[in-house]
Amino acid sequence: MKMKKFTALFLAAAMTVSVVAGCGSGNGENGSGSGSGSSSGKITVDFWTAPQQVQYDLWESRAKAFNETKTEVNGKVVEVKVQQMPESPSSEAGIQNAIATGTAPAVSENINRGFAATLAASDVVYDLSSEDWFNDVVEARQMGDTMDNWAIDGKQYVLPIYVNPMVWQWNMKGLKVLGYDKAPETLAEFQEVMEAFAANKDALAEVGITHSFYRPSLTRSDQYWDRWFDFMMIYDGLSGGKSIVDGNKLTMDKDDAIAAMEVIGTFGNSIQQSELSSIWIEENPSVLVSINAPWEISLYRENNSVYGEDYVYGPALVRNAGDKPYNYADSKGLTFYKADNVSEDQHLGAVEFVKWVYSKENSAQSDLEWLNATTMLPVRGDLNDNEVFADVMNEYPELAALAEWVPYAIPGLATDKDADIWTAFTESCSAPYMNEVNAAEPGNAPDATSYVEAGMEAMKQAGGLE
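In this text, all values refer to a predicted model and were calculated from it rather than measured experimentally.

Draft legend 1. View of helix α11 (residues 254–266). The terminal C-alpha atoms of α11, which comprises 13 residues, lie 18 Å apart, in line with the 18 Å expected from a rise of 1.5 Å per residue. Of all 13 residues in α11, 10 are buried; the element is thus mostly enclosed. Where α11 begins, one side-chain oxygen reaches toward the backbone nitrogen of Asp 255, 3.1 Å away; that side chain belongs to Asp 253. Positive backbone phi, at 60 degrees, marks Gly 268, one or two positions downstream of α11.

Printed below as a string of structure tokens:
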């Protein structure tokens, strides 16, 4: 590892050293210090899960089953040990600290594309794109189109595990009041719905709807990540999946960015911006639409909210019927660490474990177990076609609907300046634009041109982009 890059990574983690003291490899058996990664004919591989019990339990069961296979690397038996990664102050800080202090795992889950770009810039993660086993997994899971969206400078540093396609969540009762039996799909259809909303407020109030859109964070620059879920999701659909940042260049299309902001502007002063508990478990939700939250599906079901009757998902808006509904992917995956304390044997042992979990023979069952445990969609192109998933998709039509948009889900920006870029965009574009939006009637979006222009310039400055 280049000293300059290592120093930068160490400094980023220096304030959080105590967070992971005692985590990860720290003894000769695991290879820390000696670099051997083996003891008495055994290779111990550390695997870190996301800091959630359900994911720990799932990976622990997989590790136990794999360990029983007695798989060998260079004549030594691989044994996978599972633990949760640190949660405070953040899992990203925990990973950076572990690399800097020689306690990194060989492999972990819970890595998004933006953080992968940070790790890749420091040369502490493996490029998987030329690995035969990796390409076999991509083929087995029918992930070809998805992986194009995960590339970082033409390389692949993450094996995506799950994806929540971020689309619209519509109040079905409200749509029916307005005379619609399905969610709008095109920009023109959306405009029609909003004009109908403005003209039928009294009728909507009879089913409890007082606001068009729920989004408290539009003016919050400290919640930069929400720009992934609102602006970026809308931009992806209207632009046909155009990039926003490519390398050191801001490539965002200005006209498509203006159109995306004006979708938000179309809601006008009927946006509900006060923080509420989950509005979708109410008998009569007070909004017509929000950004979907697929991780709340179980909560909806527990509170008798029925998909197709109470709410329905609609795709990211497109300009023309038949266009691909590209959307933002709330998605994370596995990364292999090229850290000083991880020996070559440990790395190869980690690869053997992941190969086994996602082999052609095991991948569908592994992904079914994931889906059942987390209700988050695995990254696959055959979720609605593979009979392995048929029972789940029949039982959960809401998941089947979301699965249709998995191939069009685009992860976050491939840059280590992601937070800076979206913070600047919020401060210079979405927050000030909302001052005009809050004074406008629904269906009459203020012109977003000057705000987008200011936002793009701020993004360049914050990200050091051309």
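Draft legend 2. Structural view of the confidence of the model for the protein. Per-residue confidence for the protein gives a mean pLDDT of 90, with 91% of residues at or over 70. For residues 1–36, every residue scores under 50 in pLDDT, and the model assigns this stretch 71 contacts once sequence neighbours within four places are set aside.

Draft legend 3. Spatial organisation of unusual backbone geometry. Pro 89 follows Ser 88 through a cis peptide bond whose omega is 0 degrees. If you trace the backbone, Pro 89 turns up in the loop between β4 (76–84) and α3 (91–100).

Draft legend 4. Just the pairing of strand β13 (residues 311–314), in detail. Alternating residues of β13 divide into Tyr 311 and Tyr 313 and Val 312 and Gly 314, and every residue in both groups is buried. Here 4 bridges tie strand β7 (residues 168–171) to β13, and the two strands are oriented antiparallel to one another. Bridge pairing links Gln 169 to Tyr 313 in β13.

Draft legend 5. Representation of a negative patch on the surface in the model. Together, Glu 131, Asp 132, Asp 136 and Glu 139 make up a negatively charged patch on the protein surface. Counting through the fold element by element, Glu 139 comes out in helix α5 (residues 132–140).

Draft legend 6. The environment of Ala 121, seen in detail. Mapping Ala 121 onto the fold places it in helix α4 (residues 113–121). Take Ala 121: its relative accessible area is 36%, and that puts it in the partly exposed class.

Draft legend 7. Up close: the nonpolar core. Core analysis: the largest hydrophobic core is formed by 146 residues, its most contacted members being Trp 168, Trp 170, Ile 244 and Met 252. The element contributing the most residues to this core is helix α10 (residues 226–239), with 8 residues. Excluding anything up to four places from it in sequence, Met 252 contacts Phe 231, Tyr 235, Ser 243, Ile 244, Ala 257, Phe 425, Met 456 and Met 459.

Draft legend 8. Focus on the sheet that holds strand β12 (residues 287–291). A sheet is described by the order of its strands in space; here 5 strands give the open sequence β11-β8-β12-β7-β13, paired in mixed fashion. Bordering the open sheet on either side are β11 (271–272) and β13, each of which pairs with just one other strand.

Conventions adopted
Residues numbered from 1 in each chain as written. Predicted model: local features only at pLDDT ≥ 70, side-chain atom pairs only at ≥ 80, totals over all residues. Heavy atoms only, no water. Helix = DSSP H or I, 4+ residues; strand = E, 2+ residues; numbered from the N terminus. Expected span 1.5 Å × (residues − 1). Buried < 20%, exposed > 50% of the residue type's maximum accessible area, 1.4 Å probe, protein only. Polar contact = N/O pair within 3.5 Å; in protein donor to acceptor, adjacent residues only side chain to side chain. pLDDT = per-residue confidence, 0-100. Contact = heavy atoms within 4.5 Å. Pairing = 2+ DSSP bridges. Patch = residues over 30% accessible without salt bridge, like charges linked within 9 Å, V, L, I, M, F, W, Y side chains within 5 Å. Areas by Shrake-Rupley, 256 points an atom, 1.4 Å probe, with all protein chains shown as cover. Salt bridge = Lys/Arg side-chain N within 4 Å of Asp/Glu carboxyl O. Lys, Arg positive; Asp, Glu negative; His and termini not counted. Charge placed at Lys NZ, Arg CZ, Asp CG, Glu CD. Core = buried A, V, L, I, M, F, W, Y, C linked by side-chain atoms within 4.5 Å.

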